[in-house]
Amino acid sequence: MPAAPSPQPAVASGTVSVQAFDFVAVSFRVERAGSLTGSVDWTNAANDLDSAVVRGRCSREQFIAGAQGCDQRATLLVSLNKPSTFALPVEAGDYTLVIVSFGPGSDTASYRLESEGSVST
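Reading the values: rules and limits
- Residues numbered from 1 in each chain as written.
- Predicted model: local features only at pLDDT ≥ 70, side-chain atom pairs only at ≥ 80, totals over all residues.
- Heavy atoms only, no water.
- Pairing = 2+ DSSP bridges.
- Helix = DSSP H or I, 4+ residues; strand = E, 2+ residues; numbered from the N terminus.
- Phe/Tyr/Trp six-rings, centres within 6.5 Å; stacked < 30°, edge-to-face > 60°.
- Buried < 20%, exposed > 50% of the residue type's maximum accessible area, 1.4 Å probe, protein only.
- Lys NZ or Arg CZ within 6 Å of the ring centre and 35° of its normal.

**Q** Whenever I open this one, the sheet that holds strand S9 (residues 119-120) confuses me. Can you help?
**A** By way of backbone hydrogen bonds, the strands of a sheet pair with one another, either parallel or antiparallel. With antiparallel pairing, the five strands of this open sheet are ordered in space as S5-S4-S7-S2-S9. Looking at strand neighbours, the two that pair on one side only are strand S5 (75-79) and S9, the edges of this open sheet. For strand S2 (residues 23-30) and strand S7 (residues 93-101), the ladder comprises eight bridges, and the chain directions are antiparallel. If you follow Val 24 over to S7, its bridge partner there is Ile 99.

**Q** I'm lost on the packing of aromatic side chains in this one. Help?
**A** Scanning the model with the defined rule gives two aromatic pairs in all. Seen from their ring centres, Phe 23 and Phe 63 are 6.0 Å apart, and the 85° between their planes marks the pair as edge-to-face. Placement of Phe 23 in strand S2 and of Phe 63 in helix H1 (residues 60-65) is noted, with a sequence separation of 40 residues between them. Consider the rings of Phe 28 and Tyr 95, whose centres lie 5.9 Å apart with planes at 25°: the pair is stacked. Of this pair, Phe 28 sits in strand S2 while Tyr 95 sits in strand S7, and the two are 67 residues apart along the sequence. Here Phe 28 and Tyr 95 have matching classes, each one buried. Between the NZ or CZ atom of Arg 60 and the centre of the ring of Phe 23, over which it lies, the distance is 4.8 Å. Above the face of the Trp 42 ring, Lys 82 is positioned so that its terminal group lies 5.1 Å from the ring centre.

Have a look at this one:
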C-alpha cells in the first residue's frame, strides 16, 4: 500500500519596487498555525534593504501613523542580511511583510513566503 503524500507547503511570492529611504508593506494571511519561512532578495547588493514580519494586516499609512498593532511592538522578527531569510512559528491570521530601503538607490525586491497551511497575499 503506497504511503499518503506529505502535504506540500503553501507558497506566496511576488516582486515589489522599493524607493531609496522608503518602505513597502505586503499583507498576507496564514490559514493554519505552524511554521512560516520566507526570503527577501534584491537586485543591487550596494543597497541596504531590511525586512520584518509584523502580526496584523497593516497598510503603509498605518505604519507611518504608528497605528496600534502596526508599530514596533507588533514586530515578530527583523532580518538585516542579503538575502534576508527567516523562519518563525505563527498562528493562523493576518501578517505583514515590511521591506525597508536604507538606500543608497531604488531597487526591486522579490519575496517568497512559505507556510504549512495556506498562505495568500
